[in-house]
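# Fold and geometry: a report
Next come the chains, spelled out residue by residue.
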Amino acid sequence: GGKVVKHSSMIGRALSLLALGATAWAVASGVQAQTAAQPQPQMQAPSNGDAQTQTAVADYNAGNMSAALKEFREAADHGDRLAQFNYAMMLLNGEGTTANPDEGRKWLRKAAEANMSHAQYVYGRMYDDGDFVARDPAEAHRWFLKAAQQGHVQAELALANQFLDGRGTPRDNAQAFVWYKKAAEGGDMTAQYVTGSFYELGGDGVKRNLNVARAYYAAAAAQGDPAARLKFQQLSRELKDESKQAK
């Protein structure tokens with residue numbers, strides 16, 4: 001096994017203890033981003049990425065932080081968005097150098113503006129949490145939306161939460177449902193549970209359907225959500241009783 005990066009406070013929360021660049025690599029390679037609940041792999045080289053970025057990833061995983069930092073910077077200067085993201089993470093975490101939040105934020109934004117969905121999500125989280133910047137939920141919403149529109153599951157969940165809470169955008173339960181359902185279909189356990197709740201209760205443009213609710217609870221339960229397991233069992237009993245009464 002290789003070295004798994006443990007991020008410091010802000011990035012730890014923003015990346016849910018992701019290994020540096022692992023999900024970024026997955027997104028850049030067209031692989032669906034993993035959800036926060038799942039364990040993350042060590043940093044991996046992009047299959048079709050810049051050769052220098054691949055070398056930097058190898059150096060990073062080998063613990064050669066100074067070399068990795070230099071190589072990521074050189075690839076970042078050439079416009080490699082994965083390198084820009086990884087360079088930003090190293091600067092924000094103070095890996096291979098003294099932490100430099102201002103410079104890290106600048107490179108993270110470059111990767112986000114280059115349409116890298118995971119960079120957009122992390123940049124949004126920075127504004128949602130108020131880490132290294134003044135908290136600005138509306139700015140967070142703008143970046144979550146960009147990432148979510150590319151199918152980034154964590155961004156879809158973050159966007160749904162904003163619509164449900166009315167944070168950074170007017171409260172809109174119907175839009176919240178749309179994005180919870182997308183995140184649920186992308187495999188996010190929390191979104192599966194919440195989508196199940198929408199179908200169980202009905203309303204906000206959602207037609208009540210206990211069979212569909214039960215299926216979403218089952219999906220969340222299969223990922224280890226104890227509350228979803230209880231809901232699945234409860235709805236199973238209710239549907240069984242309804243079936244008996246219908247006969």
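Every value quoted in this text rests on a predicted model; they were computed, and no experiment measured them.

### Comments concerning the overall build of the protein
If you tally the helices and strands in the protein, you get 13 helices and zero strands. Ordered by position in the sequence, the α and β elements of the protein form the string α-α-α-α-α-α-α-α-α-α-α-α-α. The proportion of buried residues among the 247 residues of the protein is 48%. For the protein, restricting intrachain contacts to residue pairs at least 6 apart in sequence, the fraction spanning at least 24 positions comes to 46%. Counting every atom, the protein has about 11,100 Å² of accessible surface; 48% of that belongs to carbon and sulfur.

### Quick notes on the pattern of salt bridges
With the rule as written, the count across this model stands at eleven salt bridges. Between Asp-129 and Arg-125 there is a salt bridge, and its shortest N-O distance comes to 3.2 Å. Taken together, the positions of Asp-129 and Arg-125, both in helix α7 (residues 117-129) and four residues apart, correspond to about one turn of that helix. For Arg-125, a relative accessible area of 17% corresponds to the buried category. Notably, a salt bridge pairs Lys-231 with Glu-200, separated by 3.2 Å at the nearest N-O pair. Placement of Lys-231 in helix α13 (residues 226-246) and of Glu-200 in helix α11 (residues 189-201) is noted, with a sequence separation of 31 residues between them. A relative accessible area of 9% means that Glu-200 is categorised as buried. Beyond isolated ion pairs, a larger network of salt bridges with shared partners links Arg-109, Glu-113, Glu-139 and Arg-142.

### A closer look at the packing of aromatic side chains
One pass over the structure, following the stated rule, counts nine aromatic pairs. Plain terms: the ring middles of Phe-177 and Phe-198 are 5.3 Å apart, the flat faces sit at 50° to each other, and that makes the pair tilted. Remark: Phe-198 occurs in helix α11 and Phe-177 occurs in helix α10 (residues 173-185); sequence separation between them is 21 residues. Like Phe-177, the residue Phe-198 is buried in the burial classification. Judged by centre distance (6.2 Å) and plane angle (45°), the rings of Tyr-180 and Phe-198 are tilted. With Tyr-180 in helix α10 and Phe-198 in helix α11, this residue pair connects regions lying 18 residues apart in the sequence.

### What to know about the nonpolar core
Counting 59 residues, the largest nonpolar core has Phe-72, Phe-85, Leu-108 and Tyr-180 as its most contacted members. Considering each element in turn, this core owes the most residues, nine residues, to helix α5 (residues 81-93). Setting aside its immediate chain neighbours within four residues, Leu-108 contacts Phe-85, Ala-88, Met-89, Ala-119, Val-122, Tyr-123 and Met-126.

### Comments concerning helix α9 (residues 153-165)
Structural remark: α-helix, 3.6 residues per turn; residues separated by three or four positions point the same way. An ideal rise of 1.5 Å per residue puts 18 Å on 13 residues; α9 measures up with 18 Å between its terminal C-alpha atoms. Burial runs high along α9: ten of the 13 residues are buried. Trailing α9 by a residue or two, Gly-166 shows a phi angle of about 70°, which is positive.

Criteria and thresholds
- Residues numbered from 1 in each chain as written.
- Predicted model: local features only at pLDDT ≥ 70, side-chain atom pairs only at ≥ 80, totals over all residues.
- Heavy atoms only, no water.
- Helix = DSSP H or I, 4+ residues; strand = E, 2+ residues; numbered from the N terminus.
- Buried < 20%, exposed > 50% of the residue type's maximum accessible area, 1.4 Å probe, protein only.
- Contact = heavy atoms within 4.5 Å.
- Areas by Shrake-Rupley, 256 points an atom, 1.4 Å probe, with all protein chains shown as cover.
- Salt bridge = Lys/Arg side-chain N within 4 Å of Asp/Glu carboxyl O.
- Phe/Tyr/Trp six-rings, centres within 6.5 Å; stacked < 30°, edge-to-face > 60°.
- Core = buried A, V, L, I, M, F, W, Y, C linked by side-chain atoms within 4.5 Å.
- Expected span 1.5 Å × (residues − 1).

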